[in-house]
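# Observations on the three-dimensional arrangement
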Amino acid sequence: MTATEVLVTRSARKTRNARSGDERRRHTPHKGAIAIFTGPFGVLFLLFYLIPIGYAVWQSLQVVQRDGLYGEPQQVFGGLAQYALVFQNAPFWESVGRVLLFGVVQVPIMLGLALLFALLLDSPVLKGKKFFRLAFFAPYAVPGVIAAIMWGFLYSPNLSPFTQVTQSIDFLSPQLVLWSIANVVTWVFVGYNMLIIYSALLAIPSEVYEAARLDGAGQIRIAWSIKIPMVAPALILTAVFSIIGTLQLLAEPQVFRSFTAAVSSTFTPNMTIYATNSIPNTQLAAAFSVVLALATFALSFAFLKLTQRKAAQ
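These lines cover the structure that appears in this document, whether it is placed above or below. (Residues numbered from 1 in each chain as written. Predicted model: local features only at pLDDT ≥ 70, side-chain atom pairs only at ≥ 80, totals over all residues. Heavy atoms only, no water.)

## A short note on the overall build of the protein chain
Helix and strand counts for the protein chain come out as 14 helices and two strands. Looking at the 313 residues of the protein chain, the share that counts as buried comes to 32%. Long-range pairs, those at least 24 residues apart, make up 63% of the contacts in the protein chain with a sequence separation of at least 6. Taken as a whole, the protein chain presents about 19,500 Å² of accessible surface, with 67% of it coming from carbon and sulfur. (Helix = DSSP H or I, 4+ residues; strand = E, 2+ residues; numbered from the N terminus. Buried < 20%, exposed > 50% of the residue type's maximum accessible area, 1.4 Å probe, protein only. Contact = heavy atoms within 4.5 Å. Areas by Shrake-Rupley, 256 points an atom, 1.4 Å probe, with all protein chains shown as cover.)

This is the structure in structure tokens:
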């Protein structure tokens, strides 16, 4: 067979493969089964995600009007009036700044500890890995409210078993209460982030480690030059989750309100939304929620773009 005939044969095969691929795309089998399996997710996604978002946006565009001083309240379309009030609300933006400061300090510490624990569990030097894996993850099994109550008692000067420490250092003072809450969040979520990073470490092929050891690399060198760069996507994922969680901080400071007056009803953005909705002013609370959601999306997206740009360089 000549070279020309070989080329023609290959071209014919490619054409047949392309046609068969088009036919498979046109005639997708088991369409009914696909609809049955994806239908429940689609219904739940619509009911508990898309519709609530749409309702919140619609509420944020409404205002309440009365006919006279004692007239019956009526909801009417108010355009961006509620959003104008959002940007004029100083306590809300103070709470946003507070959680941003919280995230800048707490998130790197939490992820650094999670990475350290994951590297320890993946190290061949560590003994009793099952025990330490359970010990690191156990705090995440404690509900956030229970953890906040427990730590609140430990921080309270009159209730803590460590009275000598709590009477000399007021962990619930206005200067320290934010970092006391950060300690609770770190204690709870280090194990969760550790498992994500540890799973990424387990997915690294063992041949990579064997090649590094043949080149004379020790455990510290392998961790720094191989493990950490290869789990970078997992670190980015946990960082995005942490950014979202930071802006949604609610349970821990809400519980700490019963232990100290330093935590106000507008201490975090979600607490501000909750307090506004309790007035009740659901329209302004909905506008707060929409602005907070957009801010969360913007921060997460900016972080992802920044990390992608650094990875490309």
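Text resumes after the structure shown.
## Focus: the pattern of salt bridges
Opposite charge on two side chains permits them to pair, given that their charged atoms come into close proximity. The full count for this structure, using the stated rule, is one salt bridge. Between K227 and D122 there is a salt bridge, with its nearest N and O atoms 2.9 Å apart. Taken together, the residues span a long stretch of sequence, with K227 in helix α10 (residues 219-230) and D122 in helix α4 (residues 90-122) at a distance of 105 residues. Across the pair, exposure class does not vary: K227 and D122 are buried alike. (Salt bridge = Lys/Arg side-chain N within 4 Å of Asp/Glu carboxyl O.)

## Overview of the packing of helix α6 (residues 144-155) against helix α8 (residues 177-202)
Packing of α6 against α8 leaves a shortest axis separation of 10 Å and a crossing angle of 135 degrees. Between α6 and α8, the angle falls in the class oblique. Relative to α8, α6 is oriented so that their crossing is right-handed. For the pair formed by α6 and α8, the contact residues are A147, A148, M150, W151 and Y155 on the first element and S180, N183, V184, W187 and V188 on the second. Of the residues belonging to the contact of α6 with α8, the class tally is eight nonpolar, two polar and no charged. (Axes fitted to C-alpha atoms, helices over the stretch in contact; angles between N-to-C directions. Parallel < 35°, antiparallel > 145°, perpendicular 65-115°, else oblique. Left-handed = near helix turned anticlockwise from the far one by under 90°. Nonpolar A, V, L, I, M, F, W, Y, C, P; charged D, E, K, R; others polar.)

## Some points on the packing of aromatic side chains
Enumeration according to the criterion identifies 19 aromatic pairs in this entry. Residues W151 and Y155 carry aromatic rings whose centres are separated by 5.7 Å and whose planes lie at 40 degrees to one another, so their mutual orientation is tilted. Of this pair, W151 and Y155 both sit in helix α6, four residues apart, which is roughly one turn of that helix. The same class applies to W151 as to Y155, namely buried. Ring pairs connect the aromatic residues W151, F153, Y155, F171, W187, F256 and F259, which therefore count as one cluster. The ring of F267 has R98 sitting right over it, with the charged end atom 4.7 Å from the ring centre. The ring of Y209 carries the charged tip of K227 above its face, separated from the ring centre by 5.3 Å. (Phe/Tyr/Trp six-rings, centres within 6.5 Å; stacked < 30°, edge-to-face > 60°. Lys NZ or Arg CZ within 6 Å of the ring centre and 35° of its normal.)

## Here's the deal with the nonpolar core
Counting 19 residues, the largest nonpolar core has F102, I181, V184, F256 and F267 as its most contacted members. Breaking this core down by element, the ones donating at least two residues are α6, α8 and α12 (251-256). Here this core gets seven residues from one element, more than from any other, and that element is α8. In contact with I181, other than residues within four places in its own chain, are F102, L249, E252, P253, F256 and F267. Core analysis: the next-biggest nonpolar cluster, separate from the first, contains 18 residues, A114, A118, L121 and I197 among them. (Core = buried A, V, L, I, M, F, W, Y, C linked by side-chain atoms within 4.5 Å.)

## Focus: a nonpolar patch on the surface
Taken together, the side chains of F41, V43, L44, F45, L46, L47, F48, Y49, L50, I51, I53 and V57 present a nonpolar region at the surface, about 1,100 Å² in accessible area. Owing to a relative accessible area of 43%, I51 belongs among the partly exposed residues under this scheme. (Patch = residues over 30% accessible without salt bridge, like charges linked within 9 Å, V, L, I, M, F, W, Y side chains within 5 Å.)

## Quick notes on unusual backbone geometry
Trans is the prevailing form of peptide bonds, just as negative phi is the prevailing case for residues other than glycine. Each neighbour pair has its own omega, and for I279 with P280 the value is 5 degrees, a cis peptide bond. Position of P280 relative to the elements: it lies in the loop between α13 (269-277) and α14 (282-312).

By themselves, these observations are geometric and do not establish any function.
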